[in-house]
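Okay, here's what each chain looks like letter by letter:
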Amino acid sequence: MAQSREIGLFVVKMFPMTSLKELLVSNGFDAAVTDMADFISTTVDKQSGLTGMALKGAMAAATKVDSDILSKGSRRVLPEMAESLDPLWQEYTAGGGTDFGAHLAANKDRALDAILNVADRNADSISVPGLSKVYKGVRGKAAKVIEQELPAIGQLVEKHAK
């Protein structure tokens, strides 16, 4: 429902903006979950060196506990991540942006904080013994990877929000 507000001689109609979470959940959420799980798997697989060993080891430990953990985790975290990224989404859409990934990269500190805060909250509530410890052990390495992948994360989110 639009609200009206008088500004001088003009009446401005204001329409509430749809949240990123609402868009993501209502526009093929299952496809978004599948794409996010695939993205995580692909991103971890392409890592090398010590970071790659640590992230691959953490993912192997997690999938040993539950072979479908990436899909389940994506289904759980994606709505929270969308909610956390919503202020950046609102700025992006209000500014007529054309690439949400570029917007996240341009605002990397805020975007990274939004994503990691969700990950941290969820890691704190893991009920499987040992997995929380594994997450804490790789968090710093994961943060660097997430920062590099902000453009791809933004593009994935935007694809499913439109």
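These figures come from a predicted structure and were not determined experimentally. (Residues numbered from 1 in each chain as written. Predicted model: local features only at pLDDT ≥ 70, side-chain atom pairs only at ≥ 80, totals over all residues. Heavy atoms only, no water.)

S.K.: Sorry if this is basic, but what is going on with the overall build of the chain here?
M.R.: If you tally the helices and strands in the chain, you get eight helices and two strands. Going residue by residue from the N terminus, the α and β elements of the chain occur as β-β-α-α-α-α-α-α-α-α. Dimensions of the chain, computed from C-alpha atoms along their principal axes, come out at roughly 65 × 25 × 25 Å. Counting all 162 residues of the chain, 38% fall into the buried class. For the chain, restricting intrachain contacts to residue pairs at least 6 apart in sequence, the fraction spanning at least 24 positions comes to 70%. Accessible surface, the chain: about 9400 Å² in total, of which carbon and sulfur atoms supply 57%. Charged side chains of the chain number 19 positive and 20 negative; the gap between the two group centres comes to 5 Å. (Helix = DSSP H or I, 4+ residues; strand = E, 2+ residues; numbered from the N terminus. Buried < 20%, exposed > 50% of the residue type's maximum accessible area, 1.4 Å probe, protein only. Contact = heavy atoms within 4.5 Å. Areas by Shrake-Rupley, 256 points an atom, 1.4 Å probe, with all protein chains shown as cover. Lys, Arg positive; Asp, Glu negative; His and termini not counted. Charge placed at Lys NZ, Arg CZ, Asp CG, Glu CD.)

S.K.: Help me understand the pattern of salt bridges, please; the structure alone is not making it clear to me.
M.R.: Pairs may arise between side chains of opposite charge once their charged atoms sit close together. Taken as a whole and assessed by the stated rule, the structure comprises ten salt bridges. The salt bridge involving Lys-21 is made with Glu-83; its shortest N-O contact spans 3.2 Å. Here Glu-83 lies in helix H4 (residues 69-94) and Lys-21 lies in helix H1 (residues 20-26), a separation of 62 residues in the sequence. (Salt bridge = Lys/Arg side-chain N within 4 Å of Asp/Glu carboxyl O.)

S.K.: How should the nonpolar core be read in this particular structure?
M.R.: Generally speaking, nonpolar side chains in soluble globular proteins are found buried as a group. One finds Leu-20, Leu-78, Met-81, Leu-85 and Phe-100 to be the most contacted residues of the largest nonpolar core, which totals 31 residues. When residues of this core are traced back to their parent elements, those giving at least two are H1, helix H2 (29-45), H4, helix H5 (100-106), helix H6 (108-124), helix H7 (131-148) and helix H8 (150-161). No other element matches the seven residues that H4 contributes to this core. Apart from the residues lying within four places of it in its own chain, the contact partners of Leu-78 are Leu-24, Phe-29, Ala-32, Val-33 and Met-36. (Core = buried A, V, L, I, M, F, W, Y, C linked by side-chain atoms within 4.5 Å.)

S.K.: How do you make sense of the packing of helix H3 (residues 49-65) against H7 when you look at a structure like this?
M.R.: Closest axis-to-axis distance for the H3/H7 pair is 9 Å, and the angle between their directions is 140°. Between H3 and H7, the angle falls in the class oblique. Note that H3 runs across H7; the crossing there is left-handed. Judged by residue contacts, Leu-50, Thr-51, Ala-54, Leu-55, Ala-58, Ala-61, Ala-62 and Val-65 of H3 engage Leu-131, Val-134, Val-138, Lys-141, Ala-142 and Val-145 from H7. Of the residues that constitute the contact of H3 with H7, the class distribution is twelve nonpolar, one polar and one charged. (Axes fitted to C-alpha atoms, helices over the stretch in contact; angles between N-to-C directions. Parallel < 35°, antiparallel > 145°, perpendicular 65-115°, else oblique. Left-handed = near helix turned anticlockwise from the far one by under 90°. Nonpolar A, V, L, I, M, F, W, Y, C, P; charged D, E, K, R; others polar.)

S.K.: When you look at the environment of Ala-102 in this model, what are you seeing that I'm missing?
M.R.: Structurally, the position occupied by Ala-102 is in helix H5. With relative accessibility at 41%, the residue Ala-102 sits in the partly exposed group. Considered as a pair, Ala-102 and Ile-153 are 51 residues apart in the sequence and their alpha carbons are 9.9 Å apart.

Purely geometric numbers; function is a separate question.
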